[in-house]
Amino acid sequence: MNGIGLFGGTFNPIHLGHLRTAQEVKEGFGLERVYFIPSAIPPHKGIADLAKAQNRYQMLAEAIYDNPGFVASDVELKREGRSYTIDTVSHFISIFEKDTPCYLIVGSDAFLEINTWKSYRDLFDMIPLIVMKRPAQTSRDEDFLNTLARYISESVTRGYELAEDKSCFLHAGKQAIYLFDVTPIDISSTKIRNLIRQGASVKYLVPDSVDKYIQTKGLYR
Ligand code: ATP
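Residues numbered from 1 in each chain as written. Predicted model: local features only at pLDDT ≥ 70, side-chain atom pairs only at ≥ 80, totals over all residues. Heavy atoms only, no water.

1. Notes on the packing of helix α2 (residues 53-64) against helix α9 (residues 208-217)
Part 1 of the reasoning: Running from N to C, α2 and α9 cross one another at 150°; their axes reach a closest spacing of 9 Å. Put simply, α2 runs roughly antiparallel to α9. When you trace α2 past α9, the crossing you get is right-handed. When α2 is examined against α9, the residues Asn55, Gln58, Met59, Glu62 and Ala63 are found in contact with a partner set consisting of Ser209, Val210, Tyr213, Ile214 and Lys217.
Part 2 of the reasoning: When grouped by side-chain class, the residues that make up the contact of α2 with α9 number 5 nonpolar, 3 polar and 2 charged. (Axes fitted to C-alpha atoms, helices over the stretch in contact; angles between N-to-C directions. Helix = DSSP H or I, 4+ residues; strand = E, 2+ residues; numbered from the N terminus. Parallel < 35°, antiparallel > 145°, perpendicular 65-115°, else oblique. Left-handed = near helix turned anticlockwise from the far one by under 90°. Contact = heavy atoms within 4.5 Å. Nonpolar A, V, L, I, M, F, W, Y, C, P; charged D, E, K, R; others polar.)

Quick look at the structure:
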């Protein structure tokens, strides 16, 4: 099988920033499928404003239903307790054939707090990461690379080196950390929730089906 991307998040709600960037990663890395994996109980995000996991999953499923390369995964919804990425990655690695390339996809904001994740160092032994730059990180590329390099060496582990073509950080004994330029899309779930609370429209920021679902269920008001 060609590569697989694992894309976890709160998806509260899913928006066009998630969808477009995942599509670009999928094409850029020649992946066969990207699994969207909503967390049931996110360990990091406050629970104010958090829609029920089932609602977040449903919106996600509706948002991607017509894309055969995107899959909605409910593994974290079915697992008891908090949703830890390390458990999810172990699960997926165990179900695919050994030679299937698997990548963990994260935005740069999420990556830059990865040292708060459970067993985060083990992740770098298990799976290569693809880091997508988020628009809030608007600094020059050089500054962004320096920020990542410093963070990796101080908060993850020493020994990662930036490749000559600057496309990834490599380590003799660990998995690669790829950097991938996506179209900067300044949409966040926080922005969506704020707009709804203010009674404003979220049209063209989320898929129509998600907009309708939010309205029908009265979410985020
Ligand atoms: P919130 O505003 O509630 O914090 P969010 O928009 O960051 O939510 P999440 O569900 O927390 O969405 O994000 C899941 C993953 O998608 C994270 O790795 C995050 O960095 C990434 N991501 C979210 N929005 C974008 C975007 N516009 N561009 C690139 N990556 C994104």
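2. Describing the pairing of strand β5 (residues 129-132)
Part 1 of the reasoning: Burial along β5 is two-sided: Leu129 and Val131 and Ile130 and Met132, pointing in opposite directions, are all buried.
Part 2 of the reasoning: Two elements, strand β4 (residues 102-107) and β5, share 4 bridges in a ladder whose sense is parallel. Pairing of Ile105 across the sheet is with Ile130, part of β5.
Part 3 of the reasoning: Judged from the 4 bridges that link them, β5 and strand β8 (residues 177-180) form a sheet pairing that is parallel. The residue bridging Leu129 from the neighbouring strand is Ile177, located in β8. (Buried < 20%, exposed > 50% of the residue type's maximum accessible area, 1.4 Å probe, protein only. Pairing = 2+ DSSP bridges.)

3. Regarding the environment of Glu113
Part 1 of the reasoning: Tracing the chain through its elements places Glu113 in the loop between α5 (108-111) and α6 (120-126).
Part 2 of the reasoning: The class for Glu113 is partly exposed, based on a relative accessible area of 39%.
Part 3 of the reasoning: Separated by 42 residues in the primary sequence, Glu113 and Ser155 have C-alpha atoms spaced 9.0 Å apart.

4. Overview of the sheet that holds β8
Part 1 of the reasoning: Overall, mixed pairing links the 8 strands, which are arranged β3-β2-β1-β4-β5-β8-β7-β6 in an open sheet. Either end of the sheet is taken by a strand with one partner, and the two such strands are β3 (70-72) and β6 (161-162).
Part 2 of the reasoning: As paired elements, strand β2 (residues 31-38) and β3 share 3 bridges and run parallel to each other. Bridge pairing in β3 places Tyr35 opposite Val71.
Part 3 of the reasoning: In the packing of helix α1 (residues 16-28) onto the sheet, contacts are made with β1 (3-9), β2, β3, β4, β5 and β8, and the angle to β2 comes to roughly 150°.
Part 4 of the reasoning: On top of the sheet, helix α4 (residues 85-95) reaches β1, β2 and β4; it is set at about 145° to β2, its chief contact.

5. A look at the environment of Ile177
Part 1 of the reasoning: Secondary-structure assignment places Ile177 in strand β8.
Part 2 of the reasoning: Put simply, Ile177 and Ser83 are 94 residues apart on the chain and 23 Å apart in space, counted from C-alpha to C-alpha.
Part 3 of the reasoning: The residues contacting Ile177, other than those within four sequence positions of it, are Phe111, Phe124, Leu129, Val131, Ile152, Tyr160, Ser167, Cys168 and Phe169.

6. Observations concerning α4
Part 1 of the reasoning: Restricting attention to buried positions, one finds in α4 the residues Ile86, Thr88, Val89 and Phe92. For α4, the angular spread of the buried residues around the axis is 160°, confining them to a single face.
Part 2 of the reasoning: The elements touched by buried residues of α4 are β1, β2, α3 (75-78), β4 and α6. (Arc of directions from axis to C-beta.)

7. Section: the pairing of β4
Part 1 of the reasoning: Across the 6 residues of β4, 6 count as buried, placing the element largely inside the fold.
Part 2 of the reasoning: Burial along β4 is two-sided: the residues Cys102, Leu104 and Val106 and Tyr103, Ile105 and Gly107 are all buried.
Part 3 of the reasoning: In the sheet, β1 pairs with β4 via 4 bridges, with the strands oriented parallel. By the bridge assignment for β4, Ile4 is matched with Cys102.

8. With respect to the packing of aromatic side chains
Part 1 of the reasoning: The final tally for this structure, using the stated rule, is 14 aromatic pairs.
Part 2 of the reasoning: On the basis of an interplanar angle of 45° and a centroid distance of 5.9 Å, the ring pair of Phe11 and Phe36 is categorised as tilted. Of the two residues, Phe11 is situated in the loop between β1 and α1 and Phe36 in strand β2; the sequence distance between them amounts to 25 residues.
Part 3 of the reasoning: For Phe11, a relative accessible area of 2% translates into the label buried.
Part 4 of the reasoning: Residue Phe36 is classed as buried on the basis of its relative accessible area of 0%.
Part 5 of the reasoning: On the basis of an interplanar angle of 75° and a centroid distance of 5.5 Å, the ring pair of Phe29 and Tyr178 is categorised as edge-to-face. In this pair, Phe29 is assigned in the loop between α1 and β2 and Tyr178 in strand β8, connecting sequence segments 149 residues apart.
Part 6 of the reasoning: By relative accessible area, which is 26% here, Tyr178 ends up partly exposed.
Part 7 of the reasoning: Three or more aromatic residues joined by ring pairs make a cluster, and in this case those are Phe7, Phe11, Phe36 and Phe70.
Part 8 of the reasoning: For the cation-ring pair, Lys133 lies above Phe144, with the distance from its terminal atom to the ring centre recorded as 4.9 Å. (Phe/Tyr/Trp six-rings, centres within 6.5 Å; stacked < 30°, edge-to-face > 60°. Lys NZ or Arg CZ within 6 Å of the ring centre and 35° of its normal.)

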